[in-house]
Structures are given as structure tokens and as C-alpha cells.
Amino acid sequence: MKIGILGGGQLARMLALAGYPLGLKFIILDPDANAGAAGLGEHLLGAYDDPILLAELADKADVVTYEFENVPANVAAFLSSHTTVYPPANALAVAQDRLLEKNFFRELNIRTAPYAAIDSLADLQQAMPDIGYPAILKSRRMGYDGKGQVVLESADDLPAAWQTMNGAAAIVEGFIAFRREVSIIAARRPSGGIVFYPVSENRHRGGILRVAERRCDDPAQAGAEAYARDLLEKLDYVGVIALELFDVDGELLANEFAPRVHNSGHWSIEGAETSQFENHLRAILDLPLGSTDGRGFAGMVNYIGGLPDDRAVLNLPGSHLHLYDKSPRQGRKVAHATIRHDDAGVFADSMEKLIAQAAAVDDS
Ligand code: AMP
């Protein structure tokens, strides 16, 4: 079987690495000649909307998937009409527009921050008395890792904040004073089986994920699973999904979902019986899904802008290093490292050291 992937970055790379033992072959479409997954399969070099390359991808791949959600609707439609595409195009359409996404959560009775659609400065001024300060103005589309977002502290901030949107449609959200951020990763196959990973507790800075730790018997597990199950079933979803949540004193509010494998689940390569990457492939091929049971204690640290010192990382008990074959650039995720250990004390000590090492080369 050959799997087509739109995008050839680290997520495609880790999908391919998980697929080799299953005898899978890969073909990726990516405009970058140095894409991190390029060496792991056939590389179609060109734009994501190049009709000739898309036709070749659809022709050669048994199933097409993707590693980012901002796939243009016409590209998803073209691929879907020529081959099997998972996750389904409707999940992409919802996930790539923050307003549709929040409305969808509301339809499913999944709680969110208060929000309003904003198409003009007047809309923003009108919405703020209900939303309250502080708040965040976010572009509806093409936002990720905190990009296209402005914090609003008072009415004085509104004109300048709206200017930064450059006329693009936006939403405003109340700023949530969460106790912590958690995410849940789940997978569903076409014949309907669903598996859930243990929730991950995540730390962001500047809108970018820095640290994720797999939790054991977390009080948020049942609520997060219930939300994720509703999403998967309502979207008739196939593949891995990630749902990011704010935990406000035990109450869960949904922030967003990603229709793909997710950074907050990278610990699953070593820290779960079956990684999110393998389960994504199993799901899109309608193979039995693997156990998501945790192994020992597991956590992950991202390297952003600067490469890790490989010896220092590998010297830590329980460590595993994943380099993405990307050249460092400001704010760019270039690697992650995982700690997996059966002993809670050794795990905590290694994580602390790993976090300090990553912070020392982090340029953002
Ligand atoms: P996003 O791009 O929506 O995933 O946001 C990136 C990060 O910004 C989140 O993981 C949070 O740390 C923070 N953030 C986003 N929206 C809110 C909000 N409404 N209240 C508080 N923090 C937020």
C-alpha cells in the first residue's frame, strides 16, 4: 500500500517512520527540496495546488492524508474525487476556520470561551461589552502557534488590534484564566472503532507548545474523551484527531482541534503501546487500532530555533531524541526529545534537565 501525504515536514517524517514496519510506502508532495520526509519516500516537488502533481499523487497513492489543516478546499475536493482522502474534507473545512470550529463545538454542547465573529472594527467594539477584558482577537483562518493573534486589554487597544488583521475575518474570544492546558488524542477507523490516548498536560509560551507530559489517571480524562467521541462521530472522522482544552478548575473548555497527528502526542512514540503515528496509519487503512496504554511515565520537550546538544540529551536516563532534519530558524520547531521511564523520580529529574537544556537554545 502507498500512502500519499500533503506536506513533508516532521509529522510526515514520523508517519513514514511508523509505516515502514507495516510495509507501507510513501509519496509526499512538498514545495521544499529539503523537506524532512523527502528521503523517506517518493518526493513530488512543487506547490500544494499544482494540478499535475496532485493528479500524480492521487494516481499513485492508495490513500492520501496530510500533515497540516490549511489544505485549500479545492485541493481537498480534487483529491477526494480521485482517491480516498482521510481525515475527511469536512473536518478540514471546520478546523481551518476558527468561527466554524467554535460554532461546531457549540452545536455539540462542547463548552468554549465566549466568542463573537468580527468583520469590522464596529463589530469588535460592539462585541466587547459581552466578551469582557482581557480578550484575544484571532484571525479566522491560517492561524497556528499563536500567529495572527492579539491580546486586548482595554477599549483603547481595539483600533490597532483590528488593523493587524488587515481586513481579514476574525473572531474575538474571552481570555481564559485556565489552571492548565490539556489535550486528548484519539483515533477512529472507517468501520467505527475508536481509541483514546491518556490526556497530555501541555505548556505553551508565545502560543507555541514547549512541553507535553502524558498524565496517568487524570481527572480530565473522562470529560476529554466524551468531547472527542462527539467530534469523531459527528464528523464521521477517520484518522487521528487532537483536541486542545483549557482546564478551568476541573471544567473543560475546548480551544481547537487539529485533524491530524499532533505535537502534544509525540511522547506516544516511546510512551504508549502504539504511537499516534502508527494508529493514524492503521486508522486510514481501516486496520485494527493499537492499544493506547501508557508505558511508564512519558513527556516531551520541543526544540525551537536551536538544535539540541545530542550528547547532553542522550545522557539523560530514559531519553530519546528526534531530529527533524530542518535547519534552525527563529521560532522553528527543529527537534523534540522524549523522556520515558518507569520510575517517577528519575522521570521527573530527567524532564527537569531536558526542559532546562531546551530553554538554553530556544530563541523565541
Ligand atoms: P491557538 O492558536 O488558538 O491554539 O492558541 C495558542 C495558545 O494561546 C493556546 O494554547 C493558549 O496557551 C493561548 N490561548 C489561545 N486562546 C486563548 C484564550 N481564549 N484564553 C487564554 N489563552 C489562550
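Residues numbered from 1 in each chain as written. Predicted model: local features only at pLDDT ≥ 70, side-chain atom pairs only at ≥ 80, totals over all residues. Heavy atoms only, no water.

## Quick notes on the sheet that holds strand E8 (residues 149-152)
Then, number 1: Sheet architecture is open: four strands sit in the order E6-E9-E7-E8, paired in antiparallel fashion. Looking along the sheet, the strands with just one partner apiece sit at the ends: strand E6 (115-118) and E8. Across the sheet, the axes of successive neighbouring strands diverge by a mean angle of 20°, strand direction being ignored.
Then, number 2: In the sheet, strand E7 (residues 135-139) pairs with E8 via four bridges, with the strands oriented antiparallel. Considered in E8, the bridge of Ile136 is made with Val151.
Then, number 3: The strands touched by helix H5 (residues 98-107) within the sheet are E6, E7, E8 and strand E9 (170-174), with E6 carrying the most contacts at an inclination of about 145°.
Then, number 4: Sitting on the sheet, helix H6 (residues 121-131) is in contact with E6, E7, E8 and E9, with an inclination near 175° to E6. (Pairing = 2+ DSSP bridges. Helix = DSSP H or I, 4+ residues; strand = E, 2+ residues; numbered from the N terminus. Axes fitted to C-alpha atoms, helices over the stretch in contact; angles between N-to-C directions. Contact = heavy atoms within 4.5 Å.)

## Observations concerning the sheet that holds strand E1 (residues 2-6)
Then, number 1: As summarised here, the arrangement of the five strands in space is E3-E2-E1-E4-E5, forming an open sheet in which the pairing is parallel. The open sheet has two free edges, formed respectively by strand E3 (42-45) and strand E5 (84-85), since each of these has just one partner strand.
Then, number 2: Two elements, E1 and strand E4 (residues 63-66), share four bridges in a ladder whose sense is parallel. Its bridge partner being in E4, Ile3 is matched across the sheet by Val63.
Then, number 3: Strands in contact with helix H2 (residues 51-60) are E1, strand E2 (25-30), E3 and E4; relative to E3, the strand with the most contacts, it is inclined by about 160°.

## Points about the site of the ligand
Then, number 1: Taken together, 16 residues lie near the ligand, and Lys138, Gln149, Ile176, Glu181 and Glu256 sit nearest.
Then, number 2: Within the side chain of His204, one N or O atom sits 3.4 Å away from an oxygen atom of the ligand.
Then, number 3: In the complex, 93% of the free accessible area of the ligand, which totals 480 Å², lies under the protein chains.
Then, number 4: Where the shell around the ligand is concerned, the elements lending two or more residues are E7, E9 and strand E15 (251-258).
Then, number 5: Classifying every residue of the shell around the ligand by side-chain character gives five nonpolar, six polar and five charged.
Then, number 6: Composition of the shell around the ligand by domain shows at least three residues from each of domain 2 (114-174) and domain 3 (180-361). (Near = heavy atom within 4 Å. Polar contact = N/O pair within 3.5 Å; in protein donor to acceptor, adjacent residues only side chain to side chain. Areas by Shrake-Rupley, 256 points an atom, 1.4 Å probe, with all protein chains shown as cover. Nonpolar A, V, L, I, M, F, W, Y, C, P; charged D, E, K, R; others polar. Domains from an automatic or database assignment.)

## A few points about the nonpolar core
Then, number 1: Ile3, Ile5, Phe26, Trp267, Phe277, Leu281 and Ile284 are the most contacted members of the largest nonpolar core, which totals 38 residues.
Then, number 2: Those elements that place two or more of their residues in this core are E1, helix H1 (10-19), E2, strand E10 (180-188), strand E13 (208-214), strand E14 (239-248), helix H10 (276-284) and strand E16 (297-304).
Then, number 3: Top element by residues in this core is H1. It accounts for six residues.
Then, number 4: Mapped onto the domain boundaries, this core takes at least three residues apiece from domain 1 (2-85) and domain 3 (180-361).
Then, number 5: Once residues lying within four places of it in the same chain are set aside, the contact partners of Ile284 are Ile3, Val63, Thr65, Tyr86, Val238 and Gly239. (Core = buried A, V, L, I, M, F, W, Y, C linked by side-chain atoms within 4.5 Å. Buried < 20%, exposed > 50% of the residue type's maximum accessible area, 1.4 Å probe, protein only.)

## Section: the pattern of salt bridges
Then, number 1: Per the counting criterion, the structure on display carries 27 salt bridges.
Then, number 2: For Glu173, the salt bridge is made with Lys138, and the minimal N-O distance between the two is 3.1 Å. With Glu173 in strand E9 and Lys138 in strand E7, this pair connects stretches of sequence that are 35 residues apart.
Then, number 3: According to the relative accessible area criterion, Lys138 is buried, its value standing at 4%.
Then, number 4: Put simply, Arg180 and Asp218 hold a salt bridge, and the shortest N to O gap is 2.7 Å. (Salt bridge = Lys/Arg side-chain N within 4 Å of Asp/Glu carboxyl O.)

## Side note on the environment of Gly331
Then, number 1: Position of Gly331 relative to the elements: it lies in the loop between strand E17 (319-323) and strand E18 (333-341).
Then, number 2: Once the C-alpha coordinates of Gly331 and Gly174 are considered, the two residues, 157 residues apart in sequence, prove to be 26 Å apart.
Then, number 3: Excluding anything up to four places from it in sequence, Gly331 contacts Ile208, Ile304, Gly305, Asp363 and Ser364.

## Points about the packing of aromatic side chains
Then, number 1: Summed over the entire model, instances satisfying the criterion amount to six aromatic pairs.
Then, number 2: When the ring of Phe105 is compared with that of Phe257, the centres are 6.2 Å apart and the planes differ by 75°; the resulting orientation is edge-to-face. Within this pair, whereas Phe105 is found in helix H5, its partner Phe257 is found in strand E15, the two being separated by 152 residues in sequence.
Then, number 3: Note on Phe105: relative accessible area 0%, which makes it buried.
Then, number 4: Residue Phe257 is classed as buried on the basis of its relative accessible area, which comes to 2%.
Then, number 5: Both rings, one in Phe178 and one in Phe246, keep their centres 5.0 Å apart while their planes meet at 10°; by these two values the pair is stacked. Here Phe178, found in the loop between E9 and E10, pairs with Phe246, found in strand E14; they are 68 residues apart in sequence, far enough to count as distant.
Then, number 6: Phe178 sits in the partly exposed class, given a relative accessible area of 33%.
Then, number 7: Since its relative accessible area comes to 10%, Phe246 is described here as buried. (Phe/Tyr/Trp six-rings, centres within 6.5 Å; stacked < 30°, edge-to-face > 60°.)

Keep in mind these numbers describe shape, not what the thing actually does.
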